[in-house]
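Okay, here's what each chain looks like letter by letter:
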Amino acid sequence: QVQLVESGGGLVQAGGSLTLSCTASGRTFSSYTMGWFRQAPGKEREFVAAISRRGGSTYYADSVKGRFTISRDNAKNTVYLQMNSLKPEDTAVYYCARPDKPGLVSYYSHEYAYWGQGTQVTVSS
């Protein structure tokens, strides 16, 4: 029932910026927190950022804090990840995800029930 679709990935030089978008189906988007995760080749999926239902609280992995900004527009059923000062180590497939429990804020991928297809971000040096 829930479909998440990411967009905005691409190739960017180190130091550049990209903004990812994730649009969700359904009418209950605002009842759920949203998260962004990423997975680099040969590595496990890692938490990137999360945002509360209304967008008033945000959470970031230490590796992206100060460079990435998560936001949401509930009227558009969309969550964003603005990525600035990109580094080659940011190269990964980026996924947006939604927990199964309304209002749950989580750093852990296993607590997210719905996932987008992923969008590739490649940062060249």
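The following paragraphs examine the structure supplied in this document. Within every chain, residues take consecutive numbers counted from 1 along the sequence as written. A pLDDT threshold of at least 70 governs which residues receive local features in this predicted model, and a stricter bar of 80 or more applies before side-chain atom pairs are shown or counted, although totals over entire chains, interfaces and linings include all residues. Water and hydrogen atoms were dropped before computing side-chain values, which therefore reflect all heavy atoms in the structure.

Some remarks on the pairing of strand β8 (residues 78–83)
- Taken together, the six bridges between strand β3 (residues 18–24) and β8 define a ladder with antiparallel strand orientation. Each residue of the ladder has a partner; that of Cys 22, found in β8, is Val 79.
- DSSP calls a pair of strands paired once it identifies at least 2 bridges connecting them. Counting from the N terminus, the helices are the DSSP runs of H or I reaching at least four residues and the strands are the DSSP runs of E reaching at least two. Pairing of strand β7 (residues 68–73) with β8, which is carried by six bridges, proceeds in the antiparallel orientation. Each bridged residue has a counterpart across the sheet, and for Ser 71 the counterpart in β8 is Tyr 80.
- What sits between the antiparallel neighbours β7 and β8 is a turn of four residues, in which Asn 77 has the positive phi angle 55°.

What to know about the state of the cysteines
- The rule for a disulfide is simple: a pair of cysteine sulfur atoms within 2.5 Å. A full pass over the atoms with the stated rule returns one disulfide.
- Residue Cys 22 pairs covalently with Cys 96 via a disulfide, S to S 1.8 Å. Torsion about the S-S bond of the Cys 22 and Cys 96 cystine: about 55°, corresponding to right-handed handedness. Placement of Cys 22 in strand β3 and of Cys 96 in strand β9 (residues 92–99) is noted, with a sequence separation of 74 residues between them.

Topic: the packing of aromatic side chains
- Paired rings are identified among Phe, Tyr and Trp, the last through its six-membered ring, by centres lying within 6.5 Å, and are further divided according to the angle between planes into stacked (under 30 degrees), edge-to-face (over 60) and tilted (the rest). In the structure shown here, the tally under the stated rule is eight aromatic pairs.
- Between Tyr 59 and Tyr 107, the aromatic rings sit 6.3 Å apart at their centres with planes inclined by 85°, giving edge-to-face as the arrangement. A residue pair is termed long-range when its members are at least 10 positions apart, and Tyr 59 in strand β6 (residues 58–60) and Tyr 107 in the loop between β9 and β10 (112–115) qualify at 48 residues.
- Taking relative accessible area as the criterion, Tyr 59 reaches 26% and is therefore assigned partly exposed.
- Remark: exposure states derive from per-residue accessible area (1.4 Å probe, protein chains only) relative to the maximum for the residue type, with buried under 20%, exposed over 50%, and partly exposed in between. Among the residues examined, Tyr 107 registers a relative accessible area of 43% and is labelled partly exposed.
- For the ring pair Tyr 107 and Tyr 108, a centre distance of 6.5 Å and an interplane angle of 80° mean the geometry is edge-to-face.
- Sitting above the plane of the Tyr 95 ring, Arg 45 keeps its charged end 5.7 Å from the centroid. Sitting over a ring, as applied to charges here, requires NZ of Lys or CZ of Arg to be within 6 Å of the ring centre and within 35 degrees of the ring normal.

Quick notes on the side chain of Glu 6
- Within the secondary structure layout, Glu 6 lies in strand β1 (residues 4–7).
- Throughout this description, a polar contact denotes any pair of N or O atoms lying within 3.5 Å of each other; where both atoms belong to protein, one of them has to be capable of donating a hydrogen while the other can accept it, and for residues adjacent in sequence the pair is counted only when both atoms sit in side chains. At 2.8 Å, the side chain of Glu 6 forms a polar contact with the backbone nitrogen of Gln 117.
- Note on definitions: a residue-residue contact is assigned when non-hydrogen atoms from the two residues lie within 4.5 Å. Discounting chain neighbours no more than four positions away, the residues touching Glu 6 are Ser 21, Cys 22, Trp 36, Tyr 94, Tyr 95, Cys 96, Gly 116, Gln 117, Gly 118 and Thr 119.

A look at the side chain of Thr 119
- Residue position: Thr 119 is located in strand β11 (residues 119–124).
- Here Gly 9 takes part through its backbone nitrogen, which lies 3.1 Å from a polar atom of the side chain of Thr 119.
- Not counting the four nearest positions on each side in its chain, Thr 119 is found in contact with Glu 6, Ser 7, Gly 8, Gly 9, Leu 20, Ala 92, Val 93 and Tyr 94.

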